[in-house]
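So the chains spell out like this:
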Amino acid sequence: MKKILSLAASAVLATSVVAQSSFERLDINHFNAGFNAAGDQLSLIPNFTNNVITPYNQVPFSIGNLWIGGYDQGGQLHVAAQTYRQNGTDFWAGAMDTSLAVSSGFQTNFYNKVWKINKTTVDSFRLGLFTVVPASITTWPGNGSVANNEGHLLAPYVDVNGDGMYNYLDGDYPKIRGDQSLFFVYNDSLDTQDHGETGGRRMGVEIRCLAYAVNCNDSALANTIFLHFDIINRSSTTYDSTVAGLWTDLDVGTSFNNNVGSDSLQNDFYYYSNYFAVGAIFLNRTMTSTMNYNNDFSVTGNPVGSANYYGYMRGRWKDGTSLTYGGNGYGGTSNTSYCYTGNPFSGTGWNSGTPVDRRMLGSIAPFTLQPGEIYSVDMAYVACYDPTSTLNLCVPNLKQRMQSIRNYYTNDLTPCGDNITSVPDAAVNSFTNIFPNPVSSSFTLHTSSLQTQPYFIFDLTGRQLTGGTTSGNETHIDVEGLPAGIYFLRTGEGAHASAMKFVKTE
């Protein structure tokens, strides 16, 4: 485990232990990363193992978390933030009681889970390919508990019959994003605990996250994971000057070999070493501040207390002074909102200089958070690695990928022709047919589309047996190795999915 400096002689991790069931990975493309039900990104707590897996394993230690803070009508600061849980906890798994603005121990235990599902599973369910419906469909938490006064709508789903209740027996199904999604819900107000990490006052926020990835033959999408947050104010308090930020510690190479940078025009910040770069981009909100600090307890080091956490989100050092242009960003004469905005590849502008153990934070514009309001934030992690490139070339390559991701998100369209932010509500099936049927050894798949599209063969339990890619209007498919029985052939994905049965004879 990476050494993390602490105020105490030896750090003591928070007593809350996250079970294995509360940790799942997005593993559908090159950027393989895990998430905890209590909001910790990219790492399995409490030991911070199972970090990001990328080609060549260039991010051996990583973690991220959402921070949020604001002032109540009496001018008192409320902050919820999380780093390594060394000094305590600000976030717990679970939906909240909407009348009391707290979560109970029962809710924490019940929601201490990350729900994982693939778009292929959703498509297969919609097409009736399962005789035994998988748990990812049947246990999807579409509605909160009435008995616990939870919000009626929880995880997003398509309500096929419009009755307002998630019921897979009615044909309802999860409404995910991308080709694979993780859903989890957490909060900052466990009824028996105060904020141990920041020492700040509770906000009473419930945070729902849908983390997702896209499987497409595109270098940007293959190295990206997306995050969609819904931040819900469950309290009766209006928060002014509310700021939300993404805090990260992304080690590229070794812990003490990190350079960082940010780009205000592209709404991103990033870490880089010789041949690797990884960063985060805000997709639907304007990033108005970036801040970095060292792993020490100097005035430019680890935050201590809620005012420091909030101050870092506003671009202020621990003594209240503003980030300044040049050097390490402290003590200069020209205030600025963004740190290290130069070009590492050309060496021009303000760059971070000597690599050290750094943490980086990007924050969005202050806003007012009303009681009951839902504030949504979309962002993405993007990576780039090229061991054959010129020194620091991956920074411009990373920024090019980030721009591609922004374009895909804005247009809600991938180069593969699929939506990026949602599964379509209804299927539009193209004409398909197979001949002969029944079949003994092989058949020809006839489609009305000349476009290449995937096909899959399932047994009656919904288990995928084999698959491939169509070629024009007619595709020859060999099934001689299948036992005699009834099977499903599914072609296409999302809105273009269709399915049919065929019989395999001896």
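These notes cover the structure that comes with them. None of these values were measured; they are calculated from a predicted model.

1. Let's talk about the pairing of strand β25 (residues 485–491)
Reasoning step 1: Extensive coverage of β25 is indicated by the burial of 5 of its 7 residues.
Reasoning step 2: With 4 bridges joining them, strand β22 (residues 454–458) and β25 adopt antiparallel strand pairing. If you follow I457 over to β25, its bridge partner there is L489.
Reasoning step 3: Here β25 pairs with strand β26 (residues 498–504) via 7 bridges, running antiparallel. Bridged to I486 within β26 is V503.

2. Let's talk about the sheet that holds strand β21 (residues 442–447)
Reasoning step 1: The 3 strands are arranged β20-β21-β24 in an open sheet whose pairing can be described as antiparallel. Only two strands of the sheet have a single neighbouring strand rather than two, namely β20 (432–435) and β24 (474–478). Between one strand axis and the next, the sheet turns through 25 degrees on average, direction left out of account.

3. Some remarks on helix α4 (residues 306–313)
Reasoning step 1: The element α4 is largely enclosed, with a buried count of 7 among its 8 residues.
Reasoning step 2: Looking at the residues trailing α4, positive phi occurs at G315, about 75 degrees.

4. Remarks on the state of the cysteines
Reasoning step 1: Taken as a whole and assessed by the stated rule, the structure comprises 1 disulfide.
Reasoning step 2: For C216, the disulfide goes to C416, at an S-S distance of 2.0 Å. Taking the torsion about the S-S bond as the criterion, the C216 to C416 disulfide, at about 100 degrees, is right-handed. Remark: C416 occurs in the loop between α5 (394–411) and β20 and C216 occurs in the loop between β10 (205–213) and β11 (224–233); sequence separation between them is 200 residues.

5. Observations regarding the pairing of strand β14 (residues 268–272)
Reasoning step 1: Summarising burial for β14: 5 of the 5 residues are buried, a large majority.
Reasoning step 2: Of the two faces of β14, both are covered, the one formed by D268, Y270 and Y272 as well as the one formed by F269 and Y271.
Reasoning step 3: One ladder, built from 5 bridges, connects strand β13 (residues 259–263) with β14; its direction is antiparallel. When the sheet's bridge partners are listed, S262 is paired in β14 with F269.
Reasoning step 4: Here β13 folds back onto β14, and the loop between the two strands holds 4 residues, one of which, N267, carries a positive phi near 60 degrees.
Reasoning step 5: Judged from the 5 bridges that link them, β14 and strand β15 (residues 276–282) form a sheet pairing that is antiparallel. Residue F269 lies in a different strand from β15, and its bridge partner there is A280.
Reasoning step 6: If you look at the hairpin formed by β14 and β15, you'll find 3 residues sitting between the two strands.

6. So, the pattern of salt bridges
Reasoning step 1: The final tally for this structure, using the stated rule, is 12 salt bridges.
Reasoning step 2: For R126, the salt bridge goes to D123, with nearest N and O atoms at 3.0 Å. Here R126 and its partner D123 are both found in helix α2 (residues 119–126), 3 residues apart, which amounts to about one turn of the helix.
Reasoning step 3: For R126, a relative accessible area of 22% puts it in the partly exposed group.
Reasoning step 4: Judged by relative accessible area, D123 falls into the buried class, the value being 1%.
Reasoning step 5: Each member of the salt-bridge network shares a partner with another, and the members are K119, D179 and D418.

7. Comments concerning the environment of G70
Reasoning step 1: Summarising the element assignment, G70 is placed in strand β3 (residues 61–71).
Reasoning step 2: Discounting residues that sit within four places of it in the chain, G70 has contacts with Q76, L77, H78, M203, Y239, D240, S241, T242 and Y310.

8. A few points about the packing of aromatic side chains
Reasoning step 1: As enumerated under the stated definition, the model contains 25 aromatic pairs in all.
Reasoning step 2: Ring geometry for F106 and F110: centres 6.2 Å apart, planes at 20 degrees, overall stacked. Of this pair, F106 and F110 are both found in helix α1 (residues 105–110), 4 residues apart, which corresponds to roughly one turn of the helix.
Reasoning step 3: For F106, a relative accessible area of 53% puts it in the exposed group.
Reasoning step 4: Relative accessible area serves as the criterion here: at 49%, F110 is assigned to the partly exposed category.
Reasoning step 5: Judged by centre distance (3.7 Å) and plane angle (5 degrees), the ring pair of F367 and Y375 falls under stacked.

9. Some thoughts on the nonpolar core
Reasoning step 1: Among the nonpolar cores identified, the biggest contains 71 residues, and F35, W67, I225, F229, I231 and Y381 are the most heavily contacted of them.
Reasoning step 2: With 6 residues, strand β12 (residues 239–251) is the largest single contributor of residues to this core.
Reasoning step 3: Residue contacts for F229: discarding those within four places in its chain leaves Q41, L66, Y186, I207, R208, C209, Y375, S376, V377 and M379.
Reasoning step 4: Grouped together as the second largest cluster of nonpolar side chains are 22 residues, V214, Y272, L283 and C394 included.

10. Here we look at the side chain of N233
Reasoning step 1: By the secondary structure assignment, N233 is in strand β11.
Reasoning step 2: Within the local environment of N233, its side chain forms a polar contact with the side chain of S235, the two groups lying 2.7 Å apart.

11. Notes on the sheet that holds β26
Reasoning step 1: With antiparallel pairing, 4 strands are arranged side by side in an open sheet as β23-β22-β25-β26. Across the chains shown, the open sheet's two edge strands, defined by having one partner strand only, are β23 (464–469) and β26. Geometrically, the sheet is characterised by an average inter-axis angle of 20 degrees between neighbouring strands, direction not taken into account.

12. A short note on α5
Reasoning step 1: Over its 18 residues, α5 extends 25 Å from the first C-alpha to the last, a length consistent with the 26 Å expected when each residue adds 1.5 Å.
Reasoning step 2: Within the sequence span of α5, burial applies to C394, V395, L398, K399, R401, M402, I405, R406, Y408 and Y409.
Reasoning step 3: In this structure, the buried residues of α5 make contact with β11, β13, β14, β15 and β19 (374–385).
Reasoning step 4: Looking at the residues trailing α5, positive phi occurs at D412, about 50 degrees.

Cut-offs applied
- Residues numbered from 1 in each chain as written.
- Predicted model: local features only at pLDDT ≥ 70, side-chain atom pairs only at ≥ 80, totals over all residues.
- Heavy atoms only, no water.
- Buried < 20%, exposed > 50% of the residue type's maximum accessible area, 1.4 Å probe, protein only.
- Helix = DSSP H or I, 4+ residues; strand = E, 2+ residues; numbered from the N terminus.
- Pairing = 2+ DSSP bridges.
- Axes fitted to C-alpha atoms, helices over the stretch in contact; angles between N-to-C directions.
- Disulfide = S-S within 2.5 Å.
- Salt bridge = Lys/Arg side-chain N within 4 Å of Asp/Glu carboxyl O.
- Contact = heavy atoms within 4.5 Å.
- Phe/Tyr/Trp six-rings, centres within 6.5 Å; stacked < 30°, edge-to-face > 60°.
- Core = buried A, V, L, I, M, F, W, Y, C linked by side-chain atoms within 4.5 Å.
- Polar contact = N/O pair within 3.5 Å; in protein donor to acceptor, adjacent residues only side chain to side chain.
- Expected span 1.5 Å × (residues − 1).

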